[in-house]
Amino acid sequence: MVKNTIFFLLCTMLVVSCMHRPEFKVEGTIAGAEGKQAVFELSDIDGIKELDSVELSARGKFSFTHPRYEMPEFFRLRVDGQIINFVVDSTETVSIDCDYKDMSVNYSITGSRENEKIKELSLLQIGMENKVNELMSMAAGRQIGLTLYEDTISKLVKEYKDKVKMDYIFKAPNTASAYFALFQRINGLLMFDPLNSKEDIKCFAAVATSLINKHPHSDRAKHLENLTLKGMKNTRMKDMEQAATIDMDEIGEVGIIDISLKDKNGNMQTLSALKGKVVILDFIVYQTTVSVSHNLVLRELYDKYKDKGLEIYQVSLDADEHYWRQASDNLPWICVRDEAGIYSPLVETYNITEIPSVYVINKANELVERNDDMKGMEAAIGKLL
């Protein structure tokens, strides 16, 4: 009798728990689609999974509820071949209203600011795809030559990727829209290559860093991190293969592994260009708690020795570009940022095992000392100056 009672109580608790599990709702209206199926789908890492569907009436209303995920997740509303992408990151209600005939490009969505960004990206992608298809038709009909076709496509792709990088990925790498941007496709092909393009890998690295910090146990975070590491390994192997074919007589005399990155004003700053000065090479993440006290120490050294030939070349490995710009705004030395963040090849090249990591470079452009704990830094600088 006691065992039966315990079993009943456990079953009751389980049912109550399921009943009170947080849910989100997707609702709205699709006009002009009577008799068609509105399909609610999950855009999973492993592919698209159908969650629910409903046959639309003349009024076109639909409503889906689903248990909330622990992390933000991506979904699709599909009718035939027309798709609306959106994200859900809480127990919210996402409302979508559209007309079936042009639902993919002309819809209203409420629920979160991120869904507005995803809509912007979706419209950009559709516009790009239309341009590419038009050029393909022109080339097939011999209205334009192959060379012009290839040059125009390359230009369009570059302009598109540059816009998405600056306006969506690097501007806010910790957002769902930045993640969504990484996996956009044109005619089935990924716009950003996570395995073979150094520039594209920087985009994946920036978002991966932010996602890992925000949701360290997320499957998407782990997947993105693995993609980034694999891409960095691929490109590094290619660089090694190319380096093996270089004539050693063509390599200039440089006593450091050079760095060229843009500062907050967009100007390219090259480490080797500081030859003739004593340089503190500093790798930092401004979002760490030690950065403020670390920069105070550097400020004292800089103010004391800048007129005697000291320069500081500080490399930010922050994923958040906006935060870096704010944090470095009033610093008087050279502040640059590596978009790849902690996944930058510089981390391995300079054997960075902790942040901050500090190096001293003499006037001959030679790396002479590493001072991670800042002890003895002033004495080392004094000798070199």
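This report concerns the structure included in the present document. Owing to the predicted nature of the structure, the values given are computational and were not obtained by experimental measurement. (Residues numbered from 1 in each chain as written. Predicted model: local features only at pLDDT ≥ 70, side-chain atom pairs only at ≥ 80, totals over all residues. Heavy atoms only, no water.)

**Remarks on the overall build of the protein**
And step 1. For the protein, the count of helices and strands is ten helices and 17 strands.
And step 2. Here the contacts in the protein between residues at least 6 apart in sequence split such that 60% fall between residues at least 24 apart.
And step 3. Here the protein displays about 21,000 Å² of accessible surface, and carbon together with sulfur accounts for 53% of that area. (Helix = DSSP H or I, 4+ residues; strand = E, 2+ residues; numbered from the N terminus. Contact = heavy atoms within 4.5 Å. Areas by Shrake-Rupley, 256 points an atom, 1.4 Å probe, with all protein chains shown as cover.)

**Considerations on the pairing of strand 13 (residues 278–284)**
And step 1. Summarising burial for strand 13: seven of the seven residues are buried, a large majority.
And step 2. In strand 13, alternate side chains face the same way, and those of V278, I280, D282 and I284 on one face and V279, L281 and F283 on the other are all buried.
And step 3. Following the backbone out of strand 13, through helix 7 (residues 291–305) and into the adjacent parallel strand 14 (residues 310–316), one traces a crossover that is right-handed.
And step 4. Here five bridges tie strand 13 to strand 16 (residues 357–361), and the two strands are oriented antiparallel to one another. Bridge pairing in strand 16 links I280 to V360. (Buried < 20%, exposed > 50% of the residue type's maximum accessible area, 1.4 Å probe, protein only. Right-handed = clockwise from strand over helix to strand, strands pointing away. Pairing = 2+ DSSP bridges.)

**Re the side chain of D282**
And step 1. Within the element layout of this structure, D282 appears in strand 13.
And step 2. Among the polar contacts made by the side chain of D282, one reaches the side chain of Q314 at a distance of 2.7 Å.
And step 3. Non-local contacts of D282, meaning those with residues more than four positions away in its chain, are made with H294, L298, Y313, Q314, V315, P356, S357 and V358. (Polar contact = N/O pair within 3.5 Å; in protein donor to acceptor, adjacent residues only side chain to side chain.)

**Considering the sheet that holds strand 2 (residues 37–44)**
And step 1. Here we have four strands laid out as an open sheet, ordered 3-2-5-6, and antiparallel in their pairing. Each of the sheet's edge strands pairs with one partner strand only, and the pair in question is strand 3 (47–55) and strand 6 (82–88). Sheet twist, expressed as the average angle between the axes of neighbouring strands with direction ignored, equals 25 degrees.
And step 2. Lying on the sheet, helix 2 (residues 113–140) is in contact with strand 5 (73–79) and strand 6; it crosses strand 6 at an angle near 145 degrees. (Axes fitted to C-alpha atoms, helices over the stretch in contact; angles between N-to-C directions.)

**Regarding the sheet that holds strand 4 (residues 61–67)**
And step 1. Read across the open sheet, the four strands follow the order 4-1-7-8; overall the sheet is mixed. The two strands at the open ends of the sheet, each matched to only one other strand, are strand 4 and strand 8 (107–110). Between one strand axis and the next, the sheet turns through 10 degrees on average, direction left out of account.
And step 2. Sheet topology places strand 7 (residues 93–99) next to strand 8; four bridges connect them, and they run antiparallel.

**Brief notes about unusual backbone geometry**
And step 1. A cis amide bond, omega 0 degrees, links I355 with the succeeding residue P356.
And step 2. For P356, the position within the fold is in the loop between helix 9 (345–349) and strand 16.
And step 3. Residues other than glycine seldom take positive phi values, yet R142 does so here, at roughly 60 degrees.
And step 4. Following the sequence through the fold, R142 ends up in the loop between helix 2 and helix 3 (146–169).

**What about the packing of helix 7 against helix 10 (residues 377–384)?**
And step 1. Axis separation between helix 7 and helix 10 bottoms out at 11 Å; the angle between their running directions is 25 degrees. What the angle tells us is that helix 7 and helix 10 run roughly parallel. Crossing angle aside, the handedness with which helix 7 passes helix 10 is right-handed. Contacts between helix 7 and helix 10 involve L301, K304 and Y305 on the former and, on the latter, M377, E378 and I381.
And step 2. Here the contact of helix 7 with helix 10 is composed, by residue class, of four nonpolar, no polar and two charged. (Parallel < 35°, antiparallel > 145°, perpendicular 65-115°, else oblique. Left-handed = near helix turned anticlockwise from the far one by under 90°. Nonpolar A, V, L, I, M, F, W, Y, C, P; charged D, E, K, R; others polar.)

**Let's talk about the packing of aromatic side chains**
And step 1. Enumeration over the complete set of coordinates arrives at 14 aromatic pairs.
And step 2. Between Y69 and F75 the ring centres are 5.9 Å apart and the planes differ by 50 degrees, which places this aromatic pair in the tilted class.
And step 3. Here Y69 falls in the partly exposed class, since its relative accessible area comes to 27%.
And step 4. Judged by its relative accessible area of 1%, F75 is buried.
And step 5. With a centroid separation of 5.4 Å and 20 degrees between ring planes, the pair formed by F74 and Y179 is classed as stacked. Of this pair, F74 sits in strand 5 while Y179 is found in helix 4 (residues 176–182), placing the two residues 105 residues apart along the sequence. Grouping residues by exposure puts F74 and Y179 together as buried. (Phe/Tyr/Trp six-rings, centres within 6.5 Å; stacked < 30°, edge-to-face > 60°.)

**What to know about the layout of surface pockets**
And step 1. Roughly 790 Å³ of volume is contained in the largest pocket.
And step 2. In this structure, the largest pocket is lined by 28 residues; those nearest its centre are S43, N85, F180, F183 and R185.
And step 3. A class-by-class count of the residues in the lining of the largest pocket yields eleven nonpolar, twelve polar and five charged. (1 Å grid on protein atoms, 1.4 Å probe; cavity = no way out; pocket = protein on both sides within 12 Å on 5 of 7 lines; lining within 4 Å. Points joined across faces, edges and corners; volume = space filled by probe spheres on them.)

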